[in-house]
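Chain residues, written in single-letter form:
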Amino acid sequence: MADYYPAFEISPVPTPALDAEPPEIYRGIYGMPMFVTVPTSDLAASADFWIRGLGFIDLFTIPGRLTHLRRWAFQDVLLVPTGRSPEVPVASVSFACVLSQIDEVAAACEELLPGCTTGPRQTPWNTVDLEVITPENARVVLTAARPLDPHSAEARYLKAGGIEIPEA
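Along each chain, residue indices are assigned from 1 in the same order as the chain's sequence is written. Confidence filtering applies because this is a predicted model: local features only for residues at pLDDT of at least 70, side-chain atom pairs given and counted only at 80 or more, and all residues used for totals across whole chains, interfaces and linings. Side-chain measures were taken over the full set of non-hydrogen atoms in the model, leaving aside hydrogen atoms and water.

1. Some thoughts on the nonpolar core
Working step 1: Here, nonpolar core refers to any group of buried Ala, Val, Leu, Ile, Met, Phe, Trp, Tyr and Cys residues whose side-chain atoms link them within 4.5 Å. Remark: exposure states derive from per-residue accessible area (1.4 Å probe, protein chains only) relative to the maximum for the residue type, with buried under 20%, exposed over 50%, and partly exposed in between. Counting 26 residues, the largest nonpolar core has W50, L54, V77, L79, F95 and L142 as the members making the most contacts within it.
Working step 2: Strands here are runs of E lasting at least two residues and helices are runs of H or I lasting at least four, both read from the DSSP assignment and numbered beginning at the N terminus. Those elements giving two or more residues to this core turn out to be β1 (36-40), α1 (43-52), β4 (76-81), β5 (92-97), α2 (99-112), β7 (127-133) and β8 (139-145).
Working step 3: Sequence-distant contacts of F95, defined by excluding residues within four places in its chain, comprise W50, F56, R71, Q75, V77, V140, V141, L142 and T143. A contact between two residues is defined here by any heavy atoms of the two lying within 4.5 Å.

Here it is, written out as C-alpha cells:
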C-alpha cells in the first residue's frame, strides 16, 4: 500500500488535455507554502520580462525593495534588487502551464530577449518543457503535461518508476 494518495483538488493545474484551459491568475493573499526569490540588478526590467514574457502579474511592489509576482495559485516569485546577477544560472524553477501556452510564452520571451529560450521539447515523463533564461539569469522551465496514452513509452517509463497508470 502506498503512503500517497491523489489530491488533485488542491491544485490549480488542470487535467492534462490537448484543449486544457489555464486557470485564472490568482490574486488572493495567502500564506505561501513555497516561493522563489530571484535577485536582480534591474528590478523594473526583470519585472517587465516576467510579466510580458512569462505571463505573471505584479501582485504588489514595494518600490526599490521587492516585486511580488504571481501566475496561478502557489506560483509566486519575489524579485529583489541586488548587486550584479550571476553569470550562469545556479538554480532552476519550474512552473506548470497548459500546452496551449508553451508557444505563446516562447514567442513573447524571444521578442523581449532574443535567444533566451530552449525548446519546447517532449520529456520521457510526458510533459512538454520550455526553458527560459531570464534577464537576471534565472533558469525558468514552463512545463505542460500531455494527455497520457497508457500504452505509450512514456507510460511504461512512469510505470517503471512506480507510478500507477490507469488503463484506458
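2. What to know about the pairing of strand β3 (residues 66-70)
Working step 1: Counting buried positions along β3 yields 5 of 5 residues, so the element is predominantly enclosed.
Working step 2: Burial along β3 is two-sided: L66, H68 and R70 and T67 and L69, pointing in opposite directions, are all buried.
Working step 3: The pairing criterion for strands is at least two bridges between them, as found by DSSP. Where strand β2 (residues 57-62) and β3 come together, 5 bridges link them in antiparallel fashion. Directly across from F60, in β3, lies its bridge partner H68.

3. Here's the deal with the confidence of the model for the protein
Working step 1: In this model, the protein carries a mean pLDDT of 88, and residues with pLDDT of at least 70 account for 94%.
Working step 2: Predicted confidence in the protein is weakest over helix α3 (residues 153-160), with a mean pLDDT of 79, and strongest over α2, with 97. A residue's pLDDT is simply how confident the predictor is in it, with values from 0 to 100.

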